[in-house]
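Listed here are the chains, written in short residue letters.
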Amino acid sequence: MSASNTVLNFKRDPALQDETEASVHQSSTASQPVTLTIKNVEKSYQLSGESLQVLSGINLDIRAGEFISIVGASGCGKSTLLKLVAGLDTQYGGDIVYQGARIEGTDLSRGIVFQEHRLFPWLTVEGNIALAFSATDVPKAERKHRVQEQINLVGLSGFEKAYPHQISGGMSQRVAIARALALRPQLLLLDEPFAALDALTRLKLQQELQRLWEHEGLTTILVTHDVEEAVFLGDRVVVMQSHPGRIKRIVPVDLPRPRLRSTIEFQRIKEDVLTDFA
């Protein structure tokens, strides 16, 4: 999917969109190569001297530029799976292959945003974003350019010198997203990034995330408890179930963007996914 095409789709009047655009989007994504393969993944922890299996038989192929939403109840292993993809935990069975190589640790091509913004209170907005470059050899001038670029992209122009205690929770989470994007990753991992925010702020940031995804053309994986959020953002919704964590089914979201939550088609897909948690 090209960034230019998706930006045009985003700006178009929603009233002019039709079902054909949804088909074009889906076929465009389907034509992209598989960039991430999760094959027969198993994960266990030792608990009180016994093995506790948290993931079992996870199989999933994700294509370049695709937005995947993973939804499930607490304890189903969705955040554990995301950490494995991020390379934060390398003790697992099976294979997770990204761009042809098995994931064995963290990599700058994979960015992650957590539920907590994890900003340093003694650093400004631009300082927290610039922290992403601490382990790189990116020249100082280039760092400054990228930091400002991301500040503009997430809508925080004018707040460069502000400290975390001077901005809202939603703005802090935008800083965290900007920090993840500053290194220009090709895969963006989001672990319930809006869960701690109020409902109105969460809706606004969901719209902004959709805009950022379309602008950047990133392969994105979102972990969430929120079914509506999963349907609003995802090309596909991966439904997980617990004990042990496994994929129950994968629901395609064949809807044009930007999406309208009030449409019958949107509500139908949302209600369909909700039946898995009834």
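Note that the structure is a prediction, hence the values are computed from the model and not measured. (Residues numbered from 1 in each chain as written. Predicted model: local features only at pLDDT ≥ 70, side-chain atom pairs only at ≥ 80, totals over all residues. Heavy atoms only, no water.)

J.: Explain the sheet that holds strand β3 (residues 67-71) residue by residue, including any values.
T.: Strands sit in the order β6-β7-β8-β3-β9-β10 across an open sheet of six strands; the sheet is mixed. Looking at the sheet topology across the chains shown, the edges are occupied by β6 (110-113) and β10 (246-252). Strand-to-strand twist in this sheet, taken as the mean axis angle between neighbours without regard to direction, amounts to 20 degrees. Bridge count for β3 against strand β9 (residues 236-241) is four bridges, and the pairing is parallel. Along β9, the bridge assignment pairs Val-71 with Val-239. Its contacts with the sheet place helix α3 (residues 78-86) against β3, β6, β7 (187-191), β8 (219-224) and β9, and it is angled at close to 150 degrees to β7. (Pairing = 2+ DSSP bridges. Helix = DSSP H or I, 4+ residues; strand = E, 2+ residues; numbered from the N terminus. Axes fitted to C-alpha atoms, helices over the stretch in contact; angles between N-to-C directions. Contact = heavy atoms within 4.5 Å.)

J.: Lay out the packing of aromatic side chains in plain terms, naming residues and giving numbers.
T.: Scanning the model with the defined rule gives two aromatic pairs in all. When the centroid spacing of 5.7 Å and the interplanar angle of 80 degrees are considered together, the rings of Phe-67 and Trp-213 count as edge-to-face. Note that Phe-67 is positioned in strand β3 and Trp-213 in helix α7 (residues 199-216), a separation of 146 residues in sequence. On the accessibility criterion, Trp-213 (2% relative accessible area) is buried. In this structure, Arg-118 is placed above the aromatic ring of Phe-114, and the distance from its NZ or CZ to the ring centre is 3.9 Å. The ring of Phe-232 carries the charged tip of Arg-261 above its face, separated from the ring centre by 3.9 Å. (Phe/Tyr/Trp six-rings, centres within 6.5 Å; stacked < 30°, edge-to-face > 60°. Buried < 20%, exposed > 50% of the residue type's maximum accessible area, 1.4 Å probe, protein only. Lys NZ or Arg CZ within 6 Å of the ring centre and 35° of its normal.)

J.: Quick one: what's the story with α7, residue by residue and with numbers?
T.: The terminal C-alpha atoms of α7 lie 26 Å apart, and with 18 residues this matches the ideal 26 Å at 1.5 Å per residue to within 8%. Those residues of α7 that sit buried are Leu-205, Gln-206, Glu-208, Leu-209, Gln-210, Leu-212, Trp-213 and Glu-214. The opening residue of α7 is Asp-198, an N-cap whose side-chain oxygen sits 3.2 Å from the backbone nitrogen of Leu-200. The first or second residue beyond α7 is Gly-217, which carries a positive phi of 70 degrees. (Expected span 1.5 Å × (residues − 1). Polar contact = N/O pair within 3.5 Å; in protein donor to acceptor, adjacent residues only side chain to side chain.)

J.: Requested: an account of the pattern of salt bridges, with residues and values cited.
T.: The final tally for this structure, using the stated rule, is 18 salt bridges. Where Arg-184 meets Glu-142, a salt bridge forms, and the shortest distance between an N and an O atom there is 3.8 Å. One end of the pair, Arg-184, is in the loop between α6 (169-182) and β7; the other, Glu-142, is in helix α5 (residues 140-153), with 42 residues separating them in the sequence. For Arg-184, a relative accessible area of 43% puts it in the partly exposed group. (Salt bridge = Lys/Arg side-chain N within 4 Å of Asp/Glu carboxyl O.)

J.: For the environment of Thr-220, give the residues involved together with the corresponding values.
T.: Mapped onto the elements of the fold, Thr-220 is located in strand β8. On the basis of relative accessible area, Thr-220 is assigned to the buried category, the value being 2%. Expressed as a C-alpha distance, the spacing of Thr-220 and Gly-234, which sit 14 residues apart in the sequence, is 8.9 Å. Other than its neighbours up to four places away in sequence, Thr-220 contacts Glu-66, Phe-67, Ile-68, Leu-187, Leu-188, Leu-190 and Trp-213.

J.: Let's hear about the nonpolar core: which residues, and what values?
T.: Judged by nonpolar contacts, the single largest core of 48 residues is most densely connected at Ile-129, Val-231, Val-237 and Val-273. Of all the elements, α6 adds the most residues to this core, at eight residues. Ignoring sequence-local partners within four residues, the contact set of Ile-129 consists of Val-147, Ile-151, Val-175, Ala-178, Arg-179 and Ala-182. Membership of the second largest hydrophobic core comes to 26 residues, among which are Ile-38, Val-41, Leu-55 and Val-85. (Core = buried A, V, L, I, M, F, W, Y, C linked by side-chain atoms within 4.5 Å.)

J.: Could you give an account of the sheet that holds strand β2 (residues 50-63), naming the residues involved and the relevant values?
T.: Pairing is antiparallel in the open sheet, where four strands are placed in the order β2-β1-β4-β5. Of all the strands in the sheet, just β2 and β5 (101-102) have a single pairing partner and so form its edges. Direction of pairing for strand β1 (residues 34-47) relative to strand β4 (residues 93-98): antiparallel, over a ladder of five bridges. Within β4, the position partnered with Thr-37 by the bridge is Val-97. The strands that α3 touches are β1, β2 and β4; relative to β1, the one it contacts most, it runs at about 120 degrees.

J.: A description of the side chain of Gln-173 should follow, citing residues and the corresponding values.
T.: Its location among the elements puts Gln-173 in helix α6. Beyond its immediate stretch of four places on either side in the chain, Gln-173 contacts Val-113, Phe-114, Gln-115, Glu-116, His-117, Pro-193, Phe-194 and Leu-205.

J.: Outline the pairing of β1, supporting the account with residue identities and numerical values.
T.: Looking at chain direction, β1 and β2 are connected through 10 bridges and run antiparallel. Among the inter-strand pairings, Val-34 is bridged to a residue of β2, identified as Arg-63.

J.: Can you lay out the packing of α6 against α7 for me, pointing to particular residues and giving the numbers?
T.: Here α6 crosses α7 at 20 degrees, and the two axes come no closer than 11 Å. Looking at the two axes, α6 sits roughly parallel to α7. The chirality of how α6 crosses α7 is right-handed. Two secondary-structure elements touch here, α6 through Gly-170, Gln-173, Arg-174, Ile-177 and Leu-181 and α7 through Thr-201, Lys-204, Leu-205, Glu-208 and Leu-212. Its residues assigned to classes, the contact of α6 with α7 shows four nonpolar, three polar and three charged. (Parallel < 35°, antiparallel > 145°, perpendicular 65-115°, else oblique. Left-handed = near helix turned anticlockwise from the far one by under 90°. Nonpolar A, V, L, I, M, F, W, Y, C, P; charged D, E, K, R; others polar.)

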